[in-house]
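Take a look at the letters that make up each chain.
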Amino acid sequence: MSYTLTTADKNAAQTMRDDERFNHFVARVCEHQELWILTDEHGCMMLTSDDDEDCIPVWPHADYAQDWARDDWSHCTPEALSLQVWLARWVPGMEEDELLVAVFPTLDETGVVVEPRELAEAIARKQKQGRHN
């Protein structure tokens with residue numbers, strides 16, 4: 001269900017503050033029912049936050065994830081996850097493994113780092129809001 005990402009849209013998102021990118025991420029994921037991670041032959045790419053917390057970075061579009069696939073991660077490729085699979089499998093698994101989510105990081109910023117349940121709740125609120133509009 002990927003959408004076309006224009007250069008203008010991409011540039012605008014890259015200049016957003018972390019909280020704005022978080023909200024943009026939630027809106028796009030709700031709209032398109034998928035999110036993106038980076039993977040290699042060993043599985044999902046992980047980051048360590050400034051607070052030394054293990055995080056899985058997620059993006060609303062493959063192109064943003066692809067931007068990270070350089071230097072140490074040049075062997076990684078973007079992989080789509082359906083929102084349904086994310087909520088049903090990944091959120092509980094990440095909670096069990098005590099992992100956090102780095103939401104829509106850019107090359108310059110870590111993004112908003114949250115508990116998986118916190119992101120799931122933000123998505124649920126957005127979905128509920130969408131049904132009432």
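Brief notes about the environment of alanine 13
Working step 1: Relative to the elements of secondary structure, alanine 13 occurs in helix α1 (residues 7-14).
Working step 2: Not counting chain neighbours up to four residues away, the residues in contact with alanine 13 comprise Arg21, His24, Tyr64 and Phe104.

Let's talk about the pattern of salt bridges
Working step 1: On inspection of all chains with the given rule, the structure shows six salt bridges.
Working step 2: Measuring nitrogen to oxygen at the nearest pair gives 2.5 Å for the salt bridge that ties arginine 21 to aspartate 18. One end of the pair is arginine 21 and the other is aspartate 18, both in helix α2 (residues 18-32) and three residues apart, which spans about a single turn.
Working step 3: A salt bridge links glutamate 31 to arginine 28; the nearest nitrogen and oxygen atoms lie 3.0 Å apart. Note that glutamate 31 and arginine 28 are positioned in helix α2 at a spacing of three residues, about one turn of the helix.
Working step 4: Among the ionic contacts, a cluster of salt bridges with common partners joins Arg17, Asp19 and Glu20.

Re unusual backbone geometry
A negative phi angle characterises most non-glycine residues, just as the trans form characterises most peptide bonds.
Working step 1: Phi at aspartate 71 takes a positive value of approximately 50 degrees, unusual for a residue other than glycine.
Working step 2: Not every positive phi belongs to a glycine, and glutamate 98 is a case in point at roughly 60 degrees.
Working step 3: As for its placement among the helices and strands, glutamate 98 is situated in the loop between α4 (83-96) and β6 (100-103).

Details of α2
Working step 1: With 15 residues, α2 extends 21 Å between its outermost C-alpha atoms, agreeing within 8% with the 21 Å of an ideal straight helix rising 1.5 Å per residue.
Working step 2: What α2 keeps buried is the set Arg21, Phe22, His24, Phe25, Val26, Val29, Cys30 and His32.
Working step 3: One or two steps after α2, the chain reaches glutamine 33, where phi turns positive at roughly 60 degrees.

Thresholds applied
Residues numbered from 1 in each chain as written. Predicted model: local features only at pLDDT ≥ 70, side-chain atom pairs only at ≥ 80, totals over all residues. Heavy atoms only, no water. Helix = DSSP H or I, 4+ residues; strand = E, 2+ residues; numbered from the N terminus. Contact = heavy atoms within 4.5 Å. Salt bridge = Lys/Arg side-chain N within 4 Å of Asp/Glu carboxyl O. Expected span 1.5 Å × (residues − 1). Buried < 20%, exposed > 50% of the residue type's maximum accessible area, 1.4 Å probe, protein only.

Spatial relationships are all this shows, so hold off on functional conclusions.
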